[in-house]
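Working through the structure, step by step
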Amino acid sequence: MKGIDIHQQLVDLLTAGQARFRVMEHEAMGKCEAVSEIRGTQLSQGAKALVCKVKGNGVKQVVSAVLGADLQADLSLLAQHLGGTKASLASPAEVDELTRCVFGAIPPFSFHPSLRLVADPLLFERHDEIAFNAGLLEKSIIMDTADYLRLAKPTQIAFHRAASTSASQETAPQ
């Protein structure tokens, strides 16, 4: 997988799939709020991808878990939905190996055969378009939600933390 330009791979996939999308170049940002402002999108349109390891009950898998940038992941709920007993964020080295993207620029797609793609359906219920860093911190893609679902084909699992809970189990820009 070394040497693959994930940004170009995304653009090629979306173009070949006749997706409605646009690429936006901007200053590299590390916070969801800042990049949403630059894009001119709502924070809840941002699709952040967290690379997680799910274990227990004979389950051992790595997933790219996608949810709205305004939400927090409930990793215990994610593990439960996938048949495991616990989930944790992958290390930066594991993220690099599985995504070939810098931390914070992981798109809501999987190009690695060992990385299962799951997504929280709330992201798609709220907006006609989603936005995400496209393999690089300084490039974003804003695309039609229906086209995303058609091309990425994520397994949809509700795993966002309920609003009444305050503690965060993850922090990753997207």
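So, how was this worked out
Residue indices begin from 1 for each chain and proceed along its sequence in written order. Given that this is a predicted model, residues contribute local features only at a pLDDT of at least 70 and side-chain atom pairs are listed and counted only at 80 or more, while totals for whole chains, interfaces and linings are drawn from all residues. Derived side-chain values reflect all non-hydrogen atoms in the structure, with water molecules and hydrogen atoms excluded from consideration. Following DSSP output, two strands are said to pair if at least two bridges run between them. Numbering goes from the N terminus for both helices and strands, where a helix is a DSSP run of H or I of at least four residues and a strand is a run of E of at least two. Only heavy atoms matter for contacts: two residues are in contact if any of them lie within 4.5 Å across the pair. Orientation is described by lines fitted to C-alpha atoms, with helices fitted over the stretch in contact, and by angles between N-to-C directions that extend from 0 to 180 degrees. Whenever a carboxyl oxygen of Asp or Glu lies within 4 Å of a side-chain nitrogen of Lys or Arg, that contact is scored as a salt bridge. For the exposure calls, accessible area comes from a 1.4 Å probe over protein chains only, and a residue counts as buried if that area is under 20% of its type's maximum, exposed if over 50%, partly exposed in between. Definition of nonpolar core: a set of buried residues of the types Ala, Val, Leu, Ile, Met, Phe, Trp, Tyr and Cys, connected through side-chain atoms within 4.5 Å.

Per an unreviewed UniProt entry, the protein chain goes by YbaK/aminoacyl-tRNA synthetase-associated domain-containing protein and derives from Cronobacter dublinensis 1210.

1. Topic: the sheet that holds strand β3 (residues 59-68)
Paired through their backbone hydrogen bonds, the strands of a sheet run either parallel or antiparallel. Strands sit in the order β4-β2-β3-β5-β8 across an open sheet of 5 strands; the sheet is mixed. Since the sheet does not close on itself, it has two edges, and those belong to β4 (86-89) and β8 (155-156), each with one partner. Here strand β2 (residues 47-56) pairs with β3 via 10 bridges, running antiparallel. Looking across to β3, one finds that A47 is bridged to G68. The sheet strands contacting helix α4 (residues 92-99) are β2, β3 and β5 (115-119), and the helix crosses β2 at an angle near 110°.

2. Structural notes on the pattern of salt bridges
Evaluation of the coordinates by the stated rule reveals 8 salt bridges. With a closest N to O distance of 3.4 Å, E94 and K53 form a salt bridge. Taken as a pair, E94 in helix α4 and K53 in strand β2 lie far apart in primary sequence, 41 residues in all. Using a relative accessible area of 26% as the deciding quantity, one classes E94 as partly exposed. For D147, the salt bridge is made with R150, and the minimal N-O distance between the two is 3.2 Å. Residue D147 and its partner R150 are located together in helix α6 (residues 145-152), separated by 3 residues, close to a single helical turn. Using a relative accessible area of 5% as the deciding quantity, one classes D147 as buried. Here the salt bridges do not stand alone but share partners, grouping R20, D144, D147 and R150 into one network.

3. Quick word on the nonpolar core
Nonpolar side chains in soluble globular proteins tend to be buried together. Ranked by internal contacts, the top residues of the largest apolar core, which has 28 residues, are V66, F109, F132, I141, M143 and Y148. Looking at this core, the elements with two or more residues in it are α1 (6-16), β2, α4, β5, α5 (122-126), β6 (129-136), β7 (139-144) and α6. Aside from chain neighbours lying at most four places away, what touches I141 is L10, V11, L14, F21, R22, V23, I130, A131, F132 and A134. Counting 17 residues, the second largest nonpolar core, distinct from the first, contains C52, V54, V63 and L71.

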